[in-house]
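# What the coordinates show
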Amino acid sequence: MSDVNQKTAASRTLLHQFSVPLSATRRGARLARLLAAEQLHSWELPLDPARLIVAELAANAVVHGRVPGRSFRLGLTFTAGGVLRIEVTDARGESLPTRRNAPSEPTESGYGLLLIEELTDRWGVRSGPAPCKTVWAELDLAR
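Residues numbered from 1 in each chain as written. Predicted model: local features only at pLDDT ≥ 70, side-chain atom pairs only at ≥ 80, totals over all residues. Heavy atoms only, no water.

## Some remarks on the nonpolar core
The biggest cluster of nonpolar side chains holds 30 residues, and the ones touching the most others in it are Trp 43, Leu 57, Phe 72, Leu 74, Leu 76, Leu 84 and Ile 86. For this core, the elements supplying multiple residues, two or more each, are strand 1 (14–23), helix 2 (26–42), helix 3 (50–64), strand 2 (71–79), strand 3 (83–90), helix 4 (112–119) and strand 5 (133–140). For this core, the element with the highest residue contribution is helix 3, accounting for seven residues. Not counting the four nearest positions on each side in its chain, Trp 43 is found in contact with His 16, Gln 17, Phe 18, Leu 76, Phe 78 and Leu 84. (Core = buried A, V, L, I, M, F, W, Y, C linked by side-chain atoms within 4.5 Å. Buried < 20%, exposed > 50% of the residue type's maximum accessible area, 1.4 Å probe, protein only. Helix = DSSP H or I, 4+ residues; strand = E, 2+ residues; numbered from the N terminus. Contact = heavy atoms within 4.5 Å.)

Here it is as structure tokens:
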């Protein structure tokens, strides 16, 4: 039994951590994707699908979580257990993303969270600190 507990604790041990505030603009969303790619490269981790997930979560923060004069934050962590966690925190805690089915008619938007659902092993939303929310996604890279 102790081996299981040790393995669980080891899998949560952080190997790498990165966090940066960015302007809640299209330029900030683009910069989030570029910085994430550079950080993943420096950690010698695969760029995709993480780069796509960062792009989608950052775009959502800019479009749906923007408050004038407030930034959003990109966070990346990588654990000893091989889990890459991507977090994007924006200033609109009252505006939570919801899971929904694919649009019945072709549209230009509405596919973002479906993409996140397909590309990640887990994702969710955490409220706070007020007035913010964090949308997170995890990839099990050890598999």
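## Regarding the confidence of the model for the protein
Of all residues in the protein, 84% have pLDDT values of 70 or greater, and the mean over the chain is 87. Across the protein, the secondary-structure element scoring lowest on mean pLDDT is helix 1 (residues 2–12), at 51, and the one scoring highest is helix 2, at 98. Note on residues 1–7: pLDDT under 50 across the span, and zero contacts to partners over four residues away in sequence or across chains. (pLDDT = per-residue confidence, 0-100.)

## Here we look at the environment of Arg 73
Relative to the helices and strands, Arg 73 is located in strand 2. Judged by relative accessible area, Arg 73 falls into the partly exposed class, the value being 38%. On a C-alpha basis, the gap between Arg 73 and Leu 22 in space is 5.9 Å, while along the polypeptide they are 51 residues apart. Leaving out residues up to four positions away in the same chain, Arg 73 has contacts with Ser 19, Val 20, Pro 21, Glu 87, Val 88 and Thr 89. In terms of polar contacts, Arg 73 uses its side chain to reach the side chain of Ser 19, at 2.8 Å. (Polar contact = N/O pair within 3.5 Å; in protein donor to acceptor, adjacent residues only side chain to side chain.)

## Observations regarding unusual backbone geometry
With an omega of -5 degrees, the peptide bond running from Gly 128 to Pro 129 counts as cis. Turning to its location among the elements, Pro 129 is positioned in the loop between strand 4 (122–127) and strand 5. The omega torsion across Ala 130 and Pro 131 is 10 degrees, close enough to zero to call that bond cis. With respect to the secondary-structure elements, Pro 131 resides in the loop between strand 4 and strand 5. Unusually for a residue other than glycine, Glu 44 sits at a positive phi of about 60 degrees. Relative to the elements of secondary structure, Glu 44 occurs in the loop between helix 2 and helix 3. Glu 44 sits in the exposed class, given a relative accessible area of 72%.

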